[in-house]
Structures are given as structure tokens and as C-alpha cells.
Amino acid sequence: MNQPQLGRLEDFVAGVSRLLDRTDDEAEILREASGLLGRLIAVDDWLPDDYAQPDPLRYRQYLLYRDPKARFSVVSFVWGPGQATPVHDHTVWGLVGVLRGAELSQGYRVEGGALRPLGPVHRLSAGEVEAVSPTVGDIHRVTNALADRVSISIHLYGADIGAVRRSTYDEAGTKKAFVSGYADAPLLELSRVGVGA
Ligand code: FE
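Residues numbered from 1 in each chain as written. Predicted model: local features only at pLDDT ≥ 70, side-chain atom pairs only at ≥ 80, totals over all residues. Heavy atoms only, no water.

**Q** Tell me about the coordination of the iron ion, and name the residues and values.
**A** Within the first shell, the iron ion binds the protein through H88 (NE2), H90 (NE2) and H140 (NE2), at distances of 2.1 Å. Sequence positions of the donors to the iron ion reduce to the motif H-x1-H-x49-H. Within this pair, whereas H90 is found in the loop between β2 (73–79) and β3 (94–100), its partner H140 is found in strand β7 (residues 140–144), the two being separated by 50 residues in sequence. Here H90 matches H140 in class, with each residue buried. (Donors = N, O, S within 2.8 Å, 3.2 Å for Na, K, Ca; no water. Helix = DSSP H or I, 4+ residues; strand = E, 2+ residues; numbered from the N terminus. Buried < 20%, exposed > 50% of the residue type's maximum accessible area, 1.4 Å probe, protein only.)

**Q** An account of unusual backbone geometry is needed here, citing residue identities and associated values.
**A** Residues other than glycine predominantly adopt negative phi, and peptide bonds predominantly adopt the trans conformation. We note that A70 has phi near 60°; this positive angle belongs to a residue other than glycine. The residue A70 is located in the loop between β1 (60–66) and β2 in this model. On the accessibility criterion, A70 (35% relative accessible area) is partly exposed.

**Q** I'd like to hear about the nonpolar core, residue by residue, with values.
**A** Judged by nonpolar contacts, the single largest core of 32 residues is most densely connected at L9, F12, L64, V74, I154 and L156. Secondary structure elements with two or more residues in this core: α1 (7–22), α2 (26–41), β1, β2, β3 and β8 (151–157). In terms of residues, this core owes the most to one element, α2, which gives 7 residues. The next biggest cluster of nonpolar side chains, apart from the first, holds 10 residues, and it includes F77, W79, V92 and V164. (Core = buried A, V, L, I, M, F, W, Y, C linked by side-chain atoms within 4.5 Å.)

**Q** Describe the sheet that holds strand β4 (residues 102–111), naming the residues involved and giving the relevant values.
**A** Sheet strands associate in pairs through backbone hydrogen bonding, adopting either a parallel or an antiparallel arrangement. What the 3 strands build is an open sheet, ordered β5-β4-β7; its pairing is antiparallel. Of all the strands in the sheet, the pair left with one neighbour each is β5 (114–125) and β7. With direction set aside, neighbouring strand axes in the sheet form an average angle of 20°. (Pairing = 2+ DSSP bridges. Axes fitted to C-alpha atoms, helices over the stretch in contact; angles between N-to-C directions.)

Shape is all these values report; function is a separate question.
Next up, the structure:
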């Protein structure tokens, strides 16, 4: 497979790995990993096309990297025009950085048997990063902000997110368990990554 410019992704993975070797403080992780993710998404020349393919029916999530100890995972989310997630949570810390296009994110909280918007919808444009976690706000819905184009964001989570048992929410705030899995794609072969380090 043609793997252009994977050095950027390798540097990112190595940086996150070193960060998690050093600390388990969520605030510190979110702050420092935001900087690393910001650097990764600042230049859109490295994501292989195989991990940038939209599906006509629903958004796709491709696993780019899974830490050998499952401390973190890196995923590309590919949004077809107008596609959206259900309202969902993560249960672990996560960072979303937009690589291409733009996303809309609406936070929610469950209150008095209803799902209530938490703050305004905010738009995340290419190059911008936002955090989710049970501490900073974990329930949201994300939509491709563009009605006529694909958008792509790169996500970093503090677990093997495709295997995490988490929830979607209906209008009444009732939870339904889900495990997202990943889109079918071969694993990238990254070099220079401190596997097991
Ligand atoms: Fe999310």
C-alpha cells in the first residue's frame, strides 16, 4: 500500500506514547495531547486515501493506530455530506481534531428525563481541536458542517475506543449500549513507534 508522509502520524503516536508513559493526569494529557494533535492536523498531506473513504450511508471510523497496551487509539472519522452521529458518550478522555472540512458539535446533558443541549452548537474548522471526557463533558452529537463535501477528523482516545462499551441517547435521555467497532481496513504499519516502550 502506498503510505505517504506517515512520519507525521508516527511522530504523533510516539509523542502520545511518551506522554502516557509520563503521566496519567487527565488535564495534563488533554492539554499536551491537544498540542500534539494540533500539529498532526495542521498539514493535510499524510492520511492515506484508504482511510479517507466515505460511505454513502453513514460516517466511517478507521483505526489508524492502537497502542499495544490499549492505553490509546487513533481513528480517522470520515463524514459524507450532511452525515451525523447519534447523540453518544465516550466514557474515556478523547480529542477531536479536524483535518479536512468542518464539523458541528453539540454537547448535551441528561436532566429530568430529557436530553438538554449544553451550550451552543460550535463549529470546528480544519486545524481546530476539542476535548471530550466524563470530566469535561462527554455527551454530544457531531455533524459534518458541509452539505456538499466530505469532512475528516482525527480522534485520539484514552482506550481502544472501538471496543469500549458506551451509550447512545434518545430524546428522553434513555441510554442504549453500543460498541462502535472500526471500518474494515488493513492496519497501518508504522515504524519508529516505541512499541511496548
Ligand atoms: Fe464523539
